[in-house]
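# A look at the structure
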Amino acid sequence: QVQLVESGGGLVQAGGSLRLSCVASVRTFSRYAMGWFRQAPGKEREFVAGISRSGRSTNYADAVKGRFTIDRDNAKSTVFLQMNSLKPEDTAVYYCAADFQFSENTYVTDEVQYDYWGQGTQVTVSS
C-alpha cells in the first residue's frame with residue numbers, strides 16, 4: 001500500500017506561482033511513475049502532468065504546457081509540480097497519483113492506470 005500526501009496548495013493571484021509537493025510512504029518510490037491531476041468544481045478530473053520512474057520522460061496537458069513543470073526526487077520519495085503564470089482557470093483540487101511501472105522511461109496520462117491517489121490539495125487563483 002502506498003500513501004500519498006500532497007501539500008503546497010493555497011490562494012494566489014493570477015500570474016503568481018505555487019509549488020506542490022507529494023510525498024510517498026514507500027521505499028520503492030523509484031518504481032512508480034507519478035502524475036498530477038486536477039478537478040475543478042463541476043468538472044471531471046483531468047490529467048495535468050506525468051513523469052517516468054527515472055524522471056527523464058515527462059508529459060503535460062496542453063493547458064499547462066510551458067507554465068507547469070513536474071519533477072521528482074527519488075531519494076526523498078517526492079514528486080513536485082511547479083506552477084507558474086497561474087490563471088483563474090487553474091483553480092482546482094490537485095491530486096498526485098502513483099503507478100507501478102516496469103519501464104523506467106514511461107509516463108502515464110490515463111488516470112485509470114494509476115494505482116494510488118492522494119487526498120488532494122486546493123489551489124485557488126484569483127483574478
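As shown above, the structure is provided for reference.
If you're wondering where the values come from, they're calculated on a predicted model, not measured in any experiment.

### Some words on the pattern of salt bridges
Enumeration over the complete set of coordinates arrives at seven salt bridges. The residue R45 makes a salt bridge to E111 at a minimum N-O spacing of 3.1 Å. A residue pair is termed long-range when its members are at least 10 positions apart, and R45 in the loop between strand 4 (32-39) and strand 5 (46-51) and E111 in the loop between strand 9 (92-100) and strand 10 (116-117) qualify at 66 residues. With a relative accessible area of 26%, R45 lands in the partly exposed category.

### Details of the state of the cysteines
The full count for this structure, using the stated rule, is one disulfide. Note on cysteine connectivity: C22 is disulfide-linked to C96, with sulfurs 1.9 Å apart. Residues C22 and C96 share a disulfide whose torsion about the S-S bond is about 45°; that sign makes it right-handed. Of the two residues, C22 is situated in strand 3 (residues 18-24) and C96 in strand 9; the sequence distance between them amounts to 74 residues. Of the two residues, C22 and C96, both sit in the buried class.

So, how was this worked out
- The residue count restarts for each chain, going from 1 along the sequence in the order it is written.
- In keeping with the model being predicted, local features are shown solely for residues with a pLDDT of at least 70 and side-chain atom pairs are shown and tallied solely at 80 or more, while totals for entire chains, interfaces and linings include all residues.
- Each side-chain value is worked out from all heavy atoms of the structure, with water and hydrogens disregarded.
- The term salt bridge refers to a pairing of a side-chain nitrogen on Lys or Arg with a carboxyl oxygen on Asp or Glu at a separation within 4 Å.
- Only DSSP runs of H or I covering at least 4 residues are called helices, and only runs of E covering at least 2 are called strands; the numbering of each starts at the N terminus.
- Using a 1.4 Å probe on the protein chains alone, a residue whose accessible area is under 20% of its type maximum counts as buried, one over 50% counts as exposed, and one in between counts as partly exposed.
- The term disulfide is used for any two cysteine sulfur atoms that are within 2.5 Å.

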